[in-house]
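Residue-level structural notes
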Amino acid sequence: MAASWQQIYRAGNSLEAHTLKGLLEHAGLAVRLTGENLGSAAGELPADVVQVTVWVSEEDALKARQLLAGYEKGNQRRWRCVSCGEENEGQFDWCWQCGTDKPETER
């Protein structure tokens, strides 16, 4: 039986959509993006149509929304990776530079 997909987020642009896709995939969720190809028609379509949407399977929707809630807060403090020393935004649970998990003391 084919999985049923649910839209969980409308990203402001393709970069944000891919950032969120990476966040969700790192948590083990399958993710689809739609609307990326509409960017080339941005001057001729309403702005809300050009947004890239993020989709996950219905059974993963709750977990995905919980992960995105942390992203949307955006006020979490930054943390420094213990492996490579890179400074990371607070909403991310792994280092963007080397992939090391965020320390438990920073969660």
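Residues numbered from 1 in each chain as written. Predicted model: local features only at pLDDT ≥ 70, side-chain atom pairs only at ≥ 80, totals over all residues. Heavy atoms only, no water.

1. A short note on the packing of helix α1 (residues 14–26) against helix α3 (residues 61–73)
Any two packed helices are characterised by the angle at which their axes cross and by the distance between the axes. As a packed pair, α1 and α3 sit with axes 10 Å apart at the nearest point and diverge in direction by 125 degrees. When the axes of α1 and α3 are compared, the pair comes out oblique. For the crossing formed where α1 meets α3, the hand is right-handed. Between α1, through E16, L20, L23 and L24, and α3, the contact on the second element is made entirely by A64, L67, L68 and Y71. Among the residues making up the contact of α1 with α3, the classes are represented as 7 nonpolar, no polar and 1 charged. (Axes fitted to C-alpha atoms, helices over the stretch in contact; angles between N-to-C directions. Helix = DSSP H or I, 4+ residues; strand = E, 2+ residues; numbered from the N terminus. Parallel < 35°, antiparallel > 145°, perpendicular 65-115°, else oblique. Left-handed = near helix turned anticlockwise from the far one by under 90°. Contact = heavy atoms within 4.5 Å. Nonpolar A, V, L, I, M, F, W, Y, C, P; charged D, E, K, R; others polar.)

2. Regarding the confidence of the model for the chain
When pLDDT drops low, the exact placement of atoms in the prediction is not to be read closely. This prediction gives the chain a mean pLDDT of 83; 82% of its residues lie at or above 70. Per-residue pLDDT, averaged within each element of the chain, yields its smallest value for helix α2 (residues 47–50) (54) and its largest for strand β2 (residues 31–34) (96). (pLDDT = per-residue confidence, 0-100.)

3. Considerations on the sheet that holds strand β1 (residues 5–11)
Reading across the sheet, the 3 strands line up as β1-β3-β2 and stay open at both edges, with antiparallel pairing between neighbours. The sheet is open, and its two edges are formed by β1 and β2, each paired on a single side. Here the average twist between neighbouring strands, direction ignored, is 30 degrees. Two strands pair when backbone bridges link them, and β1 and strand β3 (residues 52–57) are joined in this way by 6 bridges, in the antiparallel orientation. Residue pairing for β3: W5 is matched across the bridge by S57. Relative to β2, α1 is tilted by about 170 degrees, and along the sheet it contacts β1, β2 and β3. (Pairing = 2+ DSSP bridges.)

4. Brief notes about the pattern of salt bridges
All told, the structure shown has 3 salt bridges when counted by the stated rule. Of the charged contacts in the structure, one is a salt bridge between E87 and R78, with a shortest N-O distance of 3.4 Å. The exposure class assigned to E87 is partly exposed, which follows from its relative accessible area of 37%. Owing to a relative accessible area of 44%, R78 belongs among the partly exposed residues under this scheme. (Salt bridge = Lys/Arg side-chain N within 4 Å of Asp/Glu carboxyl O. Buried < 20%, exposed > 50% of the residue type's maximum accessible area, 1.4 Å probe, protein only.)

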